[in-house]
Amino acid sequence: MKRLITFAAAALIGLHAIPLPASTFVAMTEADLISKSDRVIQGEVLKVHSHWSKSGRIVVTDATIRVDEVLIGDSPEVIQVRTFGGRVNDFVVETHGFPVFQAGKKVILYLYEEPSDRSLRVLGYQQGHFRVVTRLDGVTLAVPQVDQAGRLLRPDGSPVPIPASVEIGAFKRHLRAAAEKLGRTDIHRSPASHR
Amino acid sequence: MKKAHLIRVSVIAAGLTVFGSVSAFVLLDPPRTWDTAPTYIVDNRGLASITDDDGGVSNTINAITGSQAWNGAGSGTVIGAQAGSVAGWRLGDGIPMLNFDDPEHACNGSCLAATFTGFFENRSDGSARIFDADIVTNDRFAWTSESEPDGCLSEFFIEGVMVHETGHAVGLAHTDVSGATMFPSVSACDNGPASIEQDDIDGLNALFAGGGGDGGGPPACELGQRGDACTSDAECCSGKCKGPAGRSSCR
C-alpha cells in the first residue's frame, strides 16, 4: 500500500514536470524508423558548428560525429549530421522539437539523407535521437531525446507517451531483431564496423 | 500510521493538482517577448488540401487574431496577421511569416508544422527580445478548416494548430493542463486549441505582466478584465461578456 502511495505521489510529481517548447510531429513507429533510415549508428559528437544556410534563410547546425559502431547500414568513420537552429554571434534560433547536439556527448542516431541538399539528418526528429549515458552503477543506457519539445502525435492525432530509457545491450539486441524481422539485410552484429 | 501517511500524501497530491490546474502555464526559457506586436504574413497560396474558399488563409488569419485566441487574453493586441506573399521567407529579417510550404525542407516526414524563433538575449532585465519567428507547414498532411464544406475525416484543423504554434511565437511553452491551447497534443478533427482557455490566458498575461522588455510590450487592454462587470462583449478585453443580466462579467 505504502509503495502504491509513493508511486502515486511520484507519478503526480512527474505529471507536473516542466515541458519544453514545441512544434508538431506525427509519431513514427519503430518499424518506420528502422525501415526508413539509411543507417543507424552509435558515435560521439566531436564538434558542432552553427551557421546560416546557403540560401541565407535559416540557421543550421552541423554536428561532426565519430562513428564508433554501425548498427544498420553503411557509414564512414566520421560523418556530419545537420539539424536546424543554433546560435550565430548573438542571434539565437530555436527550432522547437528538433534534435540538439552537444560536443562530447555519445549518441545513437537513426539517419537518412535528405534529397534536397544531400545532408544527413536524424529520421523522426527527436524520435531518432538517443543519448548514450553511463550511470554511476556502471549500467549504460540508450536515453530517448523526445522531451515534449515537439507535440508528438499518432497519425490519428492521439498523443504518444514519452519512451523509456533502455540498457544499451538490450536496445541493440532489440533493434537488430526488429530489423531482421523487417527484412533488412544490412545489419551489423560486431562493433566498430565501418563500411 | 498508514492512515496518517495516506492522508499526508493525499494532501500533497491534492496540493500539486490544485497548483497544476491553477498555474500550469510555462513561458519559453529565457522569457522573451516582441518589442511591438508582430503582424504575421499568412501565405496567400493557402493549402491545397483545404477546400474552403481560399485554402484556409482567411480562417487562419481569423483564428490567430480573433478574440477567442491570444488577442482576447486581456493583454491587448499581441499578434496581427494579413494575407500576403511569403516568397521572401527568411528567418532573421524581422518579418514574421506563416508559410504553408517548407522552403528549407526543415519540416518534412513526421513534422506537421514547425515554429522557428529568432531572438537576442540583450535586455537588461534578463528577458530576451524576439526579433523574428517564422512558421512552416508540411503540406503532405491532410488539413482542414472550419469552413470546409465536407467536414473532417482524419484531418488536422489549420486553425487549432496555428493558434498553438503562434502561442510559441509570442513566447509561450507547453502547459500540462489538458484542453488548453498550449497543451502538447491534439487529436485529428479536434479544433479545440483554436480557442484559448484560462490557463493560456494566465500564461499570456504573466508574460506581458513582466514588462515585455525594451518596448514595454504591447499596450495593456483598457477594457474590462476578467471578472469585471459588463453589459456587452464590446466592454471586455476578451470580447466575452457572460452571465445573467445584471450580473454579467468579462471572461
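Trainee: What's the story with the overall build of chain A in this structure? I'm lost.
Mentor: Scanning chain A from N- to C-terminus turns up 3 helices and 12 strands. Within chain A, counting contacts between residues at least 6 apart in sequence, those at least 24 apart form 63% of the total.

Trainee: Can you walk me through the environment of A:Tyr110 in this structure?
Mentor: All names here are of chain A. On the secondary structure map, Tyr110 appears in strand β7 (residues 106–113). Given 27 C-beta atoms within a 10 Å radius, Tyr110 is considered buried. Counting along the chain gives 20 residues from Tyr110 to Asp90, while the straight-line C-alpha distance between them is 31 Å.

Trainee: Teacher, can you tell me more about the pairing of strand β5 (residues 111–120) of chain B here?
Mentor: Looking along a regular strand, one sees the side chains alternate between the two faces of the sheet. Within β5(B), 9 of the 10 residues are buried, which leaves the element mostly enclosed by the surrounding structure. Sheet topology note: the strand β1 (residues 24–26) of chain A/β5(B) ladder contains 2 bridges and is antiparallel. Paired with A:Thr24 across the bridge in β5(B) is B:Ala113. The pairing of strand β6 (residues 91–95) of chain A with β5(B) spans 5 bridges and is antiparallel. Across the sheet, residue A:Glu94 finds its bridge partner in β5(B), namely B:Thr117.

Trainee: Help me out: how do you make sense of the environment of B:Asp52 in this one?
Mentor: Residues and elements named next belong to chain B. Tracing the chain through its elements places Asp52 in the loop between β2 (39–43) and α2 (57–65). C-beta crowding within 10 Å serves as the criterion here: with 19 such atoms nearby, Asp52 is assigned to the partly exposed category. Taking C-alpha positions, Asp52 is 9.2 Å from Asp150, a pair spaced 98 residues apart along the chain. Discounting residues that sit within four places of it in the chain, Asp52 has contacts with Asn59, Ser145, Ser147 and Glu148.

Trainee: Honestly, α2(B) in this entry has me stumped. Any pointers?
Mentor: Because an α-helix completes one turn every 3.6 residues, residues spaced three or four positions apart along the sequence face the same direction. Residue and element names in this part refer to chain B. In terms of burial, α2 is largely enclosed, as 7 of its 9 residues are buried. Buried residues of α2: Val57, Asn59, Thr60, Ile61, Ala63, Ile64 and Thr65, and no others. On its buried side, α2 packs onto β2, β3 (80–84), β4 (97–98) and α3 (158–170).

Trainee: Help me understand the environment of A:Asp74 in this model?
Mentor: Residue and element names in this part refer to chain A. With respect to the secondary-structure elements, Asp74 resides in the loop between β3 (59–72) and β4 (78–84). A tally of 13 C-beta atoms within 10 Å means that Asp74 is categorised as partly exposed. Taking the C-alpha atoms as reference, Asp74 lies 9.0 Å from Ile41; in sequence the two are 33 residues apart.

Trainee: Which parts of the structure should I look at to understand the confidence of the model for chain B?
Mentor: In low-pLDDT regions, the fine details of the predicted coordinates are not to be read closely. Residue and element names in this part refer to chain B. Put simply, chain B has an average pLDDT of 81, and 78% of its residues get 70 or more. Across residues 1–23, where pLDDT falls below 50, the model places 19 contacts with residues more than four positions away in sequence or in other chains. pLDDT under 50 marks residues 211–221. Its contacts with residues more than four places away, or in other chains, come to 33 contacts. Interface predicted TM-score (ipTM) for the complex: 0.76; the corresponding pTM is 0.76.

Trainee: Would you take a moment to explain the packing of α2(B) against α3(B) for this structure?
Mentor: Between two packed helices, the angle of one axis relative to the other and the distance separating the axes together describe the packing. Residue and element names in this part refer to chain B. Two elements in contact, α2 and α3, have axes separated by 9 Å at closest approach and are oriented at 45°. In terms of orientation, α2 and α3 fall into the oblique class. For the element pair α2 and α3, the recorded crossing hand is right-handed. Facing α2, whose interface residues are Asn59, Thr60, Ala63 and Ile64, α3 presents Ile158, Glu159, Met162, Val163 and Thr166. Here the residues of the contact of α2 with α3 sort into 5 nonpolar, 3 polar and 1 charged.

Trainee: Would you take a moment to explain the pairing of β7(A) for this structure?
Mentor: All names here are of chain A. Of the pairings in the sheet, the one linking strand β2 (residues 39–52) to β7 comprises 6 bridges and is antiparallel in character. Among the inter-strand pairings, Gln42 is bridged to a residue of β7, identified as Ile108. Across 3 bridges, β7 lies against strand β9 (residues 129–134) in antiparallel orientation. Across the sheet, the residue bridging to Val107 is Arg131, located in β9. As defined by bridge partners, β7 adjoins strand β8 (residues 120–122) across 3 bridges and the pair is classed as antiparallel. For Leu111, the partnering residue across the bridge sits in β8 and is Val122. Between β7 and β8, which follow one another and run antiparallel, lie 6 residues, and Arg118 among them has a positive phi close to 60°.

Trainee: I'm lost on unusual backbone geometry in this one. Help?
Mentor: In most cases, non-glycine residues show a negative phi, while peptide bonds are predominantly trans. The peptide bond linking B:Asp29 to B:Pro30 adopts the cis configuration, its omega dihedral lying at 0°. Positive phi values are uncommon outside glycine, yet A:Asn89 reaches one of about 55°. Locating A:Asn89 in the fold gives a position in the loop between β5 (86–88) and β6. The phi dihedral of A:Tyr125 falls on the positive side, at around 55°, and the residue is not glycine. Its 28 C-beta neighbours within 10 Å are what place A:Tyr125 among the buried residues.

About the criteria used
Position numbers for residues start from 1 in each chain and track the written sequence from start to end. Both sets of labels track the order of writing: A upward for chains, 1 upward for ligands. Per-residue local features are limited, in this predicted model, to residues with pLDDT of at least 70; the limit for side-chain atom pairs, both in listing and counting, is 80 or more; totals at the level of whole chains, interfaces and linings are taken over all residues. Strands here mean DSSP runs of E at least two residues long; helices mean DSSP runs of H or I at least four residues long; both are numbered from the N terminus. A pair of residues counts as a contact when their C-beta atoms, built from backbone coordinates, are within 7 Å of each other. Note on burial: count the other C-beta atoms lying within 10 Å of the residue's C-beta; 20 or more is buried, 12 or fewer is exposed, in between is partly exposed, and C-beta positions come from the backbone. Paired strands, as defined in this entry, are two strands with at least two bridges between them according to DSSP. Residue-level confidence of the predictor is summarised by pLDDT, bounded by 0 at the bottom and 100 at the top. All axes here are fitted lines through C-alpha atoms, helices being fitted over the stretch that makes contact, and every angle between N-to-C directions spans 0 to 180 degrees. Comment on the angle field: the value is read as roughly parallel under 35 degrees, roughly antiparallel over 145, roughly perpendicular from 65 to 115, and oblique elsewhere. Here is the rule for handedness: rotate from the far helix to the near one, and if that takes an anticlockwise turn smaller than a right angle the crossing is left-handed, while a clockwise turn gives right-handed. Only Asp, Glu, Lys and Arg are considered charged, only Ala, Val, Leu, Ile, Met, Phe, Trp, Tyr, Cys and Pro nonpolar, and every remaining residue, Gly among them, polar.

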